[in-house]
Amino acid sequence: MSETLAVGAPEAPPQPPKRSPRAVTRLRLARLRDLALIPPIIALLIYGYTLKPDIFLTKSYLVDTVLKYQTELALLVLAEALVLIVGKFDLSLESIVGIAPAVAVFLVVGQTTALGAPWPTWTVLPVTLLFGALIGVFNGLLVVRFKLSAFIVTLAMLIALRGLQLAIVGGATISNLANRVPTIDNLGSLRILTVPLSIWIVVVAFAVGVVVLGYTRFGRSLYAVGGNADAARAAGIRVERVVWTAFIVAGALAALAGLMLSARLGSVAANQGNGMIFTVFAAAVIGGISLDGGKGSLVGALCGVVLLGLIQNVLTLAQVKPDQIQAVNGLVILVALVLARLTSGKAQD
Amino acid sequence: MAEDGSTPLVEAVGIAKRFGPTVALADGNLTVLPGETHALVGRNGAGKSTLVGVLTGLLRADAGEVRFGGRPAPPLGDRVAWRRHVACVYQKPSVVGDLSVAENLFLDRQPRGRWGLLSPPRLRRAATELLDSWSVPVDPDVPAKELTVEQRQLVEIAGALSHGARFVILDEPTAQLEARAIARLFDRLADLKKQGVTFLFISHHLPEIYQICQRVTVFRDARHIVTAPVAEMDHARLVEAMIGEARGLVQVGHDRPSVPPDTAPVLTLEAVGVPAVAEPVDLTVRRGEIVGVAGSVASGKRELAEAVVGLRPRTGRILVGGRPVRAASVPAALRGGIGYLPADRNSDGFVPGLSVAENATMTVADRLGPFGVVLPGRRDARGRRAIADLDVHTAGPRQPVGELSGGNAQKVVMARALARDPQVLVLVQPTVGVDVRSKESLLGVVDEETRRGRGALLVSDEIDDLRVCDRVLVMVAGRIVAEHTRGWDEAVLVAEIEGIGEKDV
Ligand SMILES: Nc1ncnc2c1ncn2[C@@H]1O[C@H](COP(=O)(O)OP(=O)(O)OP(=O)(O)O)[C@@H](O)[C@H]1O
Ligand SMILES: [Mg+2]
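Residues numbered from 1 in each chain as written. Chains lettered and ligands numbered in written order. Predicted model: local features only at pLDDT ≥ 70, side-chain atom pairs only at ≥ 80, totals over all residues. Heavy atoms only, no water.

This brings us to the site of ligand 1. Residues and elements named next belong to chain B. Every one of the 20 residues lining ligand 1 counts as a neighbour, but Gly45, Lys48, Ser49, Thr50 and His204 are closest to it. A distance of 2.7 Å is found between an oxygen atom of ligand 1 and a side-chain nitrogen or oxygen belonging to serine 49. The contact in question runs from an oxygen atom of ligand 1 to an N or O atom on the side chain of glutamate 172, over 3.4 Å. Against a free-state accessible area of 640 Å², the protein chains account for coverage of 88% of ligand 1. Of all the elements in the fold, those that place two or more residues in the shell around ligand 1 are strand E2 (22-32), helix H1 (48-55) and helix H14 (406-418). Looking at which element gives the most residues to the shell around ligand 1, the answer is H1, with three residues. Looking at the shell around ligand 1, its residues break down into four nonpolar, 12 polar and four charged. (Near = heavy atom within 4 Å. Polar contact = N/O pair within 3.5 Å; in protein donor to acceptor, adjacent residues only side chain to side chain. Areas by Shrake-Rupley, 256 points an atom, 1.4 Å probe, with all protein chains shown as cover. Helix = DSSP H or I, 4+ residues; strand = E, 2+ residues; numbered from the N terminus. Nonpolar A, V, L, I, M, F, W, Y, C, P; charged D, E, K, R; others polar.)

A few words on the confidence of the model for chain B. Residue and element names in this part refer to chain B. When pLDDT is averaged along chain B, the result is 88, and 96% of the positions lie at 70 or above. Mean pLDDT values over the elements of chain B span from 44, in helix H18 (residues 501-504), up to 96, in strand E3 (residues 37-41). Here residues 1-5 is a poorly scored stretch, pLDDT under 50, and it has six contacts once near neighbours within four places are set aside; other chains count. The complex model carries a pTM of 0.84, and its ipTM stands at 0.81. (pLDDT = per-residue confidence, 0-100. Contact = heavy atoms within 4.5 Å.)

Another aspect to go through is the domain arrangement of chain B. All names here are of chain B. When cut into domains, chain B gives domain 1 (10-95 + 147-243) and domain 2 (265-350 + 421-497). Just the C-alpha atoms count here: the centres of domain 1 and domain 2 sit 33 Å apart. With 14 residues of domain 1 in contact, the opposing surface of domain 2 contributes 14 residues. Summed over both partners, the interface of domain 1 with domain 2 buries about 1,200 Å², with 48% contributed by carbon and sulfur atoms. (Domains from an automatic or database assignment. Buried area = accessible area lost by both parts, 1.4 Å probe.)

Turning to the packing of helix H11 (residues 217-227) of chain A against helix H13 (residues 239-265) of chain A, a few remarks are in order. All names here are of chain A. The interhelical angle for the contact between H11 and H13, taken along N-to-C directions, is 105 degrees, at an axis separation of 10 Å. Between H11 and H13, the angle is such that the two are roughly perpendicular. Contacts between H11 and H13 involve Phe218, Ser221, Leu222 and Val225 from the first element and Val239, Val242, Val243, Thr245 and Ala246 from the second. Grouping the amino acids of the contact of H11 with H13 by side-chain chemistry returns seven nonpolar, two polar and no charged. (Axes fitted to C-alpha atoms, helices over the stretch in contact; angles between N-to-C directions. Parallel < 35°, antiparallel > 145°, perpendicular 65-115°, else oblique.)

Turning to the pattern of salt bridges, a few remarks are in order. According to the stated counting rule, one finds 36 salt bridges over all chains in the structure shown. Measuring nitrogen to oxygen at the nearest pair gives 3.0 Å for the salt bridge that ties A:Glu240 to A:Arg233. Classification of A:Glu240 as partly exposed rests on a relative accessible area of 29%. With a shortest N-O distance of 3.0 Å, B:Asp470 and B:Arg256 are connected by a salt bridge. With B:Asp470 in the loop between helix H16 (463-467) and strand E19 (471-476) and B:Arg256 in the loop between helix H8 (235-243) and strand E11 (265-274), this pair connects stretches of sequence that are 214 residues apart. B:Arg256 gets classed as buried once you look at its relative accessible area, which sits at 9%. (Salt bridge = Lys/Arg side-chain N within 4 Å of Asp/Glu carboxyl O. Buried < 20%, exposed > 50% of the residue type's maximum accessible area, 1.4 Å probe, protein only.)

Residues and elements named next belong to chain A. One way to put it is that helix H4 (residues 71-85) packs onto helix H14 (residues 276-286) with a least axis distance of 9 Å and a crossing angle of 65 degrees. Looking at the two axes, H4 sits roughly perpendicular to H14. Viewed along their axes, H4 and H14 form a crossing whose handedness is right-handed. Across the interface between the two elements, Glu72, Leu73, Leu76, Val77, Glu80 and Leu84 of H4 pack against Met276, Ile277, Thr279, Val280, Phe281, Ala283 and Ala284 of H14. Among the residues forming the contact of H4 with H14, the class breakdown is 10 nonpolar, one polar and two charged. (Left-handed = near helix turned anticlockwise from the far one by under 90°.)

Right, let's talk about unusual backbone geometry for a bit. Residues other than glycine seldom take positive phi values, yet A:Leu193 does so here, at roughly 50 degrees. With respect to the element layout, A:Leu193 can be found in the loop between strand E2 (191-192) and strand E3 (195-196). When its relative accessible area of 68% is taken as the criterion, A:Leu193 is described as exposed. Even without being a glycine, B:Asp391 presents a positive backbone phi close to 60 degrees. Looking at the element boundaries, B:Asp391 is found in the loop between helix H13 (376-390) and H14.

Below, the discussion takes up H13(B). Taking 1.5 Å per residue, 15 residues should reach 21 Å; H13(B) reaches 21 Å between its end C-alpha atoms and fits that length. Of all the residues in H13(B), the buried ones are B:Pro376, B:Arg379, B:Asp380, B:Gly383, B:Ala386, B:Ile387, B:Asp389 and B:Leu390. Against the buried residues of H13(B) lie helix H10 (197-215) and H11 of chain A together with helix H12 (356-360), H14 and helix H15 (436-451) of chain B. Looking at the residues trailing H13(B), positive phi occurs at B:Asp391, about 60 degrees. (Expected span 1.5 Å × (residues − 1).)

All names here are of chain A. Taking 1.5 Å of rise per residue, the 27 residues of H13 would be expected to cover 39 Å, and the 39 Å separating its terminal C-alpha atoms lies within 8% of that figure. Counted residue by residue, H13 has 20 buried out of 27 residues, so it is predominantly covered. Immediately beyond the C-terminal end of H13, within one or two residues, lies glycine 266, with a positive phi of roughly 70 degrees.

All right, on to the sheet that holds E19(B) then. Strand pairing in a sheet is mediated by backbone hydrogen bonds. Such pairs are either parallel or antiparallel. All names here are of chain B. Across the sheet, which stays open at both edges, the six strands sit in the order E16-E17-E18-E13-E19-E20 with mixed pairing between neighbours. Among the strands making up the open sheet, the edge pair consists of strand E16 (338-341) and strand E20 (479-485). Going from strand to strand, the sheet's axes swing by 20 degrees on average, the running direction of each strand aside. Sheet topology note: the strand E17 (residues 424-428)/strand E18 (residues 455-459) ladder contains five bridges and is parallel. (Pairing = 2+ DSSP bridges.)

Spelled out as structure tokens, the structure:
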């Protein structure tokens, strides 16, 4: 673009500034909105402290009892956030949580000789990731190439993968993995600076995610495509490629989340991941990710995860009976949605 | 309601409205008398649409009062009451695309049949009656998304009148219409006016104001400036009131140097056809030249432009600066040196949720940092430059484009087209919804950019746009039927565009 534009006539006089001095603060505030969930999180911390003053605010409690159990959820929310921002849905992520580690583990320790099994134990991690990514490729193919509805495609995929997993795991649970697969042992028990590896993985994944979404072409094109795909296309963004990539990365992330879950439990259950997708959507929306695409931040999404995790813990501490906890949990998610709407001042859609 | 003209039909006094830090309206005053057609004009961002929002009860004013027929406006929640007073055809479409015309007309008040269930035959009949009574020639069964802009507007007007409102606001109804459709719309408005309907008419085409309005109100910088009978406001005074200074407008491009015929071409179309739309076309744009392509909506001119920039499949060869450009790939066209401004900014021009800077740099995202990284500092700097260059009325580079007024959003899309330093610009209807002064500066940009050796293909049916062009080609039904050099006669051109001239040549 030209430095100066000598238009065929002198430029119009500068418009009287329509910015109040508060304009700059508002721009900063807009960023603070990502942190709208911080006040409720603090409130929960205080409430938890009043319930168990002796242990609640200790590092070991927060890390080992609260956060450690949220790591898989957090990665899944990250994965779903990518897909939601680009304006699509992926329901199959929760079944990838089960099937990807199931396939990888089965090839290593399963009672089979298919595909030259048993494979060496180091293949567990790459096979898990690759399998998740492949599901993403397939979802992307149906959604992008055949222009099918992402919602239905991934719903069908969810059901199909569940069935496949039942067939592989056979209704039982592949257990005692920590002793048989070193990768899984490490993933489940390794600590760096006294913090579990899984938490580090989440921290790194989100840090990378924040940078990619905010400061790279790919990340920004996710927002552009989700916000107005036609405009993005006219501006030279390869819309199909961007959507497809989002599905693939999401699939791989969900697979990693699944392996972390298996590592934490030392097993792959036939129903691993079952029902997680609801919590994933709840956390994402509470965190300000729009189901219409094009809007939302990972910081907000992470806050949503932490908030839900704290709520569950506090409910347990408050001695809500286990048979009631699910109903209470649902209610609390509703309350959290309302709170998030009020504190952020943004409409959720 | 007093018919003597002493009680205003609609009155807005001291309306103020802010959006965050932006003062959209500081002192909005408007008085519309019964039976008149009242014009509301002002530059982009002057607050016209904001006032419309307040007048239709969709926006809550921070201060001020609205009165209908001397009585205070109903409370904001009471949509039914508002709709009895006022109806509006908005700048953006407000029909439900997948519902039929009939369903759209009777949304939420469908006629009931037996057992209180909806009755499709009755709905059809009621819709047909309604459309007939206002002589709107539209089939009530077609989905609203299949209507042309013209038909959609008529349907919206008919629907509005059926609620009992006799005051209709038209926010830039002519911006997306071609000349003949505008003439038809004006005929309809004249009929309705005879039947006692009052209009508030917003447009950036000042001649239209003189054609159909009796009084005009001018807004500038969120304030009411003047209200007067159009007879007392000649063009110069009107423009002066809008832009706030007396220097008037200049005709961009009247002093363009002529491009010698042997100048190297920058864009060459060799037998470029668009399947089912345009027959193979040969066309060259030389360095420093602006070539206009005029034609009606059905001429295929827009589709041809979309094929050139890679949005549509095409046949034939396209060369930019002598190098062929791959078909049906927008990235290839961009890299090849084509800059593109799409016809409809709302559908494919900008991403409303993203900032001005981000939209303006969307075509150069690869140049904002190393390895696919986007440096926000660099992006915002470019955004600020675009804002200054194109005189965009915004709170800053971080403001979402969805919050800008229509004309200012258009300037952001122009910035996006220019960002990659293209060798040739492909512009489709670049001045839609742009105010008179900004139109001058947008066309001025095209003028200036081409003087430095770029070329431009300007696809438009606006006479003002075409005046800037060095040559104008006329397209009818997918074929180029005429070519004019500067100095063409407006009447001849209009006749050719409408396909009348074709039989005679
Ligand atoms: N929802 C919104 N949020 C923030 N700012 C807004 C919003 N709507 C309008 N504005 C701002 O208010 C001002 C007036 O806008 P408005 O749409 O009323 O202008 P206009 O006179 O209709 O212009 P145009 O001729 O371009 O349509 C503009 O500066 C615009 O950026
Ligand atoms: Mg407007």
